[in-house]
Amino acid sequence: MAFMTDRKRATGLGSAKEGTHHFWQMKVSSVALLILIPLFVFTFGPILGSAHADVVAYFARPFPAIVAALTIVVGFMHFKDGVQVLIEDYTQGMTRKVLIIAMICLSYGAAATGLFAIARIAL
């Protein structure tokens, strides 16, 4: 029979001191997406189904290009944070580390690809 206190059982399993920051980062990006997604839908919707030249001319204007870029960046950073929480909750060991690294690379790569596409159209 082991006589361990609750504190001794919890040693090494405590807070990583990042939970609050992660929580607020998710909340801020959620509110930002709450504003950006309708803006994106209402700026992107009217041009949907138009000819390629019309779409390029439309996204060459600053407002639609900035709204699309902000939506892409904030959306993928929110995705990265959310998936990281899921991975941390349901995996462990080396699998956790590999999945987090892969997810971060995927998120930044997709965001960079989207920004590059918008920059190519806008410039």
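Residues numbered from 1 in each chain as written. Predicted model: local features only at pLDDT ≥ 70, side-chain atom pairs only at ≥ 80, totals over all residues. Heavy atoms only, no water.

(A) Layout of the overall build of the protein. For the protein, the count of helices and strands is 5 helices and 0 strands. Traced from its N-terminal end to its C-terminal end, the protein shows the element sequence α-α-α-α-α. For 123 residues, the compact-globule estimate of 2.2 N^0.38 gives 14 Å, and the protein exceeds it by more than 25% at 21 Å. If one aligns the C-alpha atoms of the protein with their principal axes, the spans along those axes are about 75 × 25 × 20 Å. Across the 123 residues that make up the protein, the buried fraction comes to 22%. Contacts in the protein between residues at least 24 apart in sequence constitute 70% of all its contacts with a sequence separation of at least 6. Looking at the protein as shown, the accessible area adds up to about 9,000 Å², and 71% of this sits on carbon and sulfur atoms. Within the protein, the 6 negative side-chain charges are centred at a point lying 6 Å from the centre of the 10 positive side-chain charges. (Helix = DSSP H or I, 4+ residues; strand = E, 2+ residues; numbered from the N terminus. Rg over C-alpha atoms; globule rule 2.2 N^0.38 Å. Buried < 20%, exposed > 50% of the residue type's maximum accessible area, 1.4 Å probe, protein only. Contact = heavy atoms within 4.5 Å. Areas by Shrake-Rupley, 256 points an atom, 1.4 Å probe, with all protein chains shown as cover. Lys, Arg positive; Asp, Glu negative; His and termini not counted. Charge placed at Lys NZ, Arg CZ, Asp CG, Glu CD.)

(B) Examining the side chain of Asp 81 more closely. In this structure, Asp 81 sits in helix 4 (residues 62-90). Residue Asp 81 is classed as buried on the basis of its relative accessible area of 3%. A polar contact is formed between the side chain of Asp 81 and the side chain of Lys 80, at a distance of 3.1 Å. Beyond its immediate stretch of four places on either side in the chain, Asp 81 contacts His 22, Gln 25 and Met 26. (Polar contact = N/O pair within 3.5 Å; in protein donor to acceptor, adjacent residues only side chain to side chain.)

(C) Representation of the nonpolar core within the structure. Ile 47, Tyr 58, Phe 59, Ala 65, Ala 68, Ala 69 and Ile 118 form the largest nonpolar core, which has 7 residues in total. In terms of residue count, helix 4 provides more of this core than any other element does, 3 residues in total. (Core = buried A, V, L, I, M, F, W, Y, C linked by side-chain atoms within 4.5 Å.)

(D) Inspection of the packing of helix 2 (residues 19-44) against helix 4 at higher detail. At a minimum axis separation of 8 Å, helix 2 and helix 4 run at an interaxial angle of 145°. The two elements helix 2 and helix 4 cross, and the hand of that crossing is left-handed. Contacts between helix 2 and helix 4 involve His 22, Gln 25, Met 26, Ser 29, Ser 30, Ala 32, Leu 33, Leu 36, Ile 37, Leu 39, Phe 40 and Thr 43 from the former and Phe 63, Val 67, Ala 68, Leu 70, Thr 71, Val 74, Gly 75, His 78, Asp 81, Gly 82, Gln 84 and Val 85 from the latter. A breakdown of the residues in the contact of helix 2 with helix 4 according to their chemical character gives 13 nonpolar, 10 polar and 1 charged. (Axes fitted to C-alpha atoms, helices over the stretch in contact; angles between N-to-C directions. Left-handed = near helix turned anticlockwise from the far one by under 90°. Nonpolar A, V, L, I, M, F, W, Y, C, P; charged D, E, K, R; others polar.)

(E) Representation of the pattern of salt bridges within the structure. If you walk through the whole model with that rule in mind, you get 1 salt bridge. Asp 81 is the partner of Lys 80 in a salt bridge, and the nearest nitrogen-oxygen pair spans 3.1 Å. With respect to burial, Lys 80 and Asp 81 carry one shared label: buried. (Salt bridge = Lys/Arg side-chain N within 4 Å of Asp/Glu carboxyl O.)

(F) Up close: the side chain of Lys 80. Tracing the backbone shows Lys 80 in helix 4. Beyond its immediate chain neighbours, meaning those up to four positions away, Lys 80 contacts Met 103, Ile 104, Ser 107 and Tyr 108.

(G) Spatial organisation of the packing of helix 4 against helix 5 (residues 93-122). Packing of helix 4 against helix 5 leaves a shortest axis separation of 10 Å and a crossing angle of 175°. In terms of orientation, helix 4 lies roughly antiparallel with respect to helix 5. (Parallel < 35°, antiparallel > 145°, perpendicular 65-115°, else oblique.)

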